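Spelled out, the chains give:
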Amino acid sequence: MIHQIRHPETRNTKHETPNTKHQTQLIVKLFDSHCHLDDTAYRNDLDAVLDRARTAGVDKIMTIGVTRRTSRIGVGIAESRDGVYATVGIHPHDAKEGSEKSVDDLRRLAEHPKVKAWGEVGLDFNRMFSSREDQEKWLIRQLEVSETLDLPLVFHERDSNGRFVEILRERFRPGRKGVVHCFSGTRKELETYLRIGLSIGITGIVTVQGRGAPLRDLVPFIPLDRLLIETDGPYLVPVPQRNKFRCNEPAFVRSVLLKLADIRGETPEELARATYENACRVYSINCS
Ligand SMILES: [Zn+2]
Ligand SMILES: [Zn+2]
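Residues numbered from 1 in each chain as written. Chains lettered and ligands numbered in written order. Predicted model: local features only at pLDDT ≥ 70, side-chain atom pairs only at ≥ 80, totals over all residues.

As for the overall build of the protein
Here's step 1: Along the protein, the regular secondary structure elements total ten helices and eight strands.
Here's step 2: Since a compact globule built from 288 residues should have a radius of gyration of about 19 Å, the 18 Å found for the protein is in line with a globular shape.
Here's step 3: Within the protein, the fraction of its 288 residues that count as buried is 46%.
Here's step 4: Here the analysis covers contacts within the protein between residues at least 6 apart in sequence; of these, 73% occur between residues at least 24 apart. (Helix = DSSP H or I, 4+ residues; strand = E, 2+ residues; numbered from the N terminus. Rg over C-alpha atoms; globule rule 2.2 N^0.38 Å. Buried ≥ 20, exposed ≤ 12 C-beta atoms within 10 Å, placed from the backbone. Contact = placed C-beta atoms within 7 Å.)

Shown next as structure tokens:
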């Protein structure tokens, strides 16, 4: 099947199907547990993106908020589409714009039945788009608010040097559900997250030759019932799509699945079923 790709970013690329022959032979249901459908990259062809996802077997998608505005857009997208759900939250990069008013607006937005989690929230001391103080303050505040709503968390962590884990130990009530998305930490961090009861989201980084090597070493240590797959679209295009497309999209989560199955020695069907059920369980979505 040939799909026309109309992203502005991919206008100059060849028009080819996102899936390889091998991939299209797989008959499985997939859950892209983390992407950003509000992104301007999808503005002109969101329906085509969702069609391609469905053709690739992706029948559930979680679109993630990072600010008040993107959360609002995400909920609007989820509202009118089957199989699309949304989160609300303030990303650590945007913590500098955090306020009680914005948290309050998100709390109201979270009452929508399609909102299934709070996030992404966390700490990112890599690029420091917001100060450490602001990041910690709004992470803690959002942990509190989401607890009153009994919502699971979508966490983002990068280079927090143990501070993120410290805050979770103090503030994340045992038994709460959540996922550390786009995991790229150490073995020690992985073990801590698992002990806390969190699930682990794996992106297309795992498919990338050099950059994905440390992650590929750790992937076998993630129990099958804690593993989620995600695109984080429009970012992080996986291999092999990386060679042709500049914009990631939910259909490409298949490449993450196939790579993980290969590394872990599981069949793609088995891994698809497990990651689908895991995402449904973490987000309290009816799996059928
Ligand atoms: Zn993130
Ligand atoms: Zn994200």
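There's plenty left to go through after this.
Here's the deal with the sheet that holds strand β5 (residues 153-158)
Here's step 1: Read from one edge to the other, the open sheet built from eight strands follows the order β1-β2-β3-β4-β5-β6-β7-β8, with strand pairing classed as parallel. Two strands lie at the open edges of the sheet, namely β1 (30-35) and β8 (227-229), each paired on one side alone. Within this sheet the neighbouring strands show an average axis-to-axis angle of 25°, counted without direction.
Here's step 2: As paired strands, strand β2 (residues 58-63) and strand β3 (residues 84-88) are joined by three bridges and run parallel to one another. Paired with methionine 62 across the two strands is tyrosine 85, which belongs to β3.
Here's step 3: Contacting β2, β3 and β4 (115-124), helix α3 (residues 68-79) crosses the sheet at an angle of about 160° to β3. (Pairing = 2+ DSSP bridges. Axes fitted to C-alpha atoms, helices over the stretch in contact; angles between N-to-C directions.)

Considering the environment of arginine 158
Here's step 1: You can see arginine 158 is positioned in strand β5.
Here's step 2: Classification of arginine 158 as partly exposed rests on a count of 16 C-beta atoms within 10 Å.
Here's step 3: When the C-alpha positions of arginine 158 and glycine 185 are compared, they lie 7.7 Å apart, and in sequence the two are 27 residues distant.
Here's step 4: Discounting residues that sit within four places of it in the chain, arginine 158 has contacts with Asp124, Phe125 and Asn126.

Side note on the packing of α3 against helix α4 (residues 100-109)
Here's step 1: Running from N to C, α3 and α4 cross one another at 10°; their axes reach a closest spacing of 10 Å. Relative to α4, the element α3 lies roughly parallel. Note on element contacts: α4 touches α3 through Ser102, Asp105, Leu106 and Leu109, opposite Arg68, Ser71, Arg72 and Val75.
Here's step 2: The residue makeup of the contact of α3 with α4, split by class, is three nonpolar, two polar and three charged. (Parallel < 35°, antiparallel > 145°, perpendicular 65-115°, else oblique. Nonpolar A, V, L, I, M, F, W, Y, C, P; charged D, E, K, R; others polar.)

What to know about unusual backbone geometry
Here's step 1: Cis geometry marks the peptide bond from glycine 119 to glutamate 120; its omega dihedral reads 10°.
Here's step 2: Looking at the secondary structure, you find glutamate 120 in strand β4.
Here's step 3: Here the bond from valine 239 into proline 240 is cis, since omega is 10°, no more than 30 degrees from zero.
Here's step 4: With respect to the helices and strands, proline 240 occurs in the loop between β8 and α9 (253-264).

Some thoughts on the confidence of the model for the protein
Here's step 1: Taken residue by residue, the protein gives an average pLDDT of 92. The fraction at 70 or more is 91%.
Here's step 2: With pLDDT under 50 throughout, residues 1-23 is counted as low confidence; its partners more than four residues away or in other chains account for 39 contacts. (pLDDT = per-residue confidence, 0-100.)

Overview of the pairing of β4
Here's step 1: With ten of ten residues buried, β4 is to be regarded as a mostly interior element.
Here's step 2: Two strands pair when backbone bridges link them, and β4 and β5 are joined in this way by six bridges, in the parallel orientation. By the bridge assignment, tryptophan 118 is partnered in β5 with leucine 153.
Here's step 3: As for the winding sense of the linkage, the β-α-β connection from β4 through helix α5 (residues 132-148) to β5 is right-handed. (Right-handed = clockwise from strand over helix to strand, strands pointing away.)

Some details on the nonpolar core
Here's step 1: In this structure, Val179, Ile200, Ile202 and Leu257 are the most contacted members of the largest nonpolar core, which totals 68 residues.
Here's step 2: In this structure valine 179 touches Ser33, Val154, Phe155, Leu198, Ser199, Ile200, Gly201, Leu228 and Val282, once residues within four positions along its chain are discounted. (Core = buried A, V, L, I, M, F, W, Y, C linked by C-beta atoms within 7 Å.)

A short note on the pairing of β3
Here's step 1: A large share of β3 lies buried, amounting to five of its five residues.
Here's step 2: Side chains Val84, Ala86 and Val88 of β3 all project onto a buried face; the interleaved residues Tyr85 and Thr87 project onto the opposite face, where all are buried too.
Here's step 3: With three bridges connecting them, β3 and β4 associate as parallel partners. When the bridges of β4 are listed, alanine 86 appears paired with valine 115.

Looking at α5
Here's step 1: Taking 1.5 Å of rise per residue, the 17 residues of α5 would be expected to cover 24 Å, and the 25 Å separating its terminal C-alpha atoms lies within 8% of that figure.
Here's step 2: Among the residues making up α5, those that are buried are Gln135, Trp138, Leu139, Gln142, Leu143 and Ser146. All buried residues of α5 fall inside an arc of 145° around its axis, so they share one side. Away from the buried face of α5 by more than 90 degrees, exposed residues Glu133, Glu144 and Thr148 are located.
Here's step 3: Close packing links the buried residues of α5 with α4, β4, β5 and α6 (163-171). (Expected span 1.5 Å × (residues − 1). Arc of directions from axis to C-beta.)

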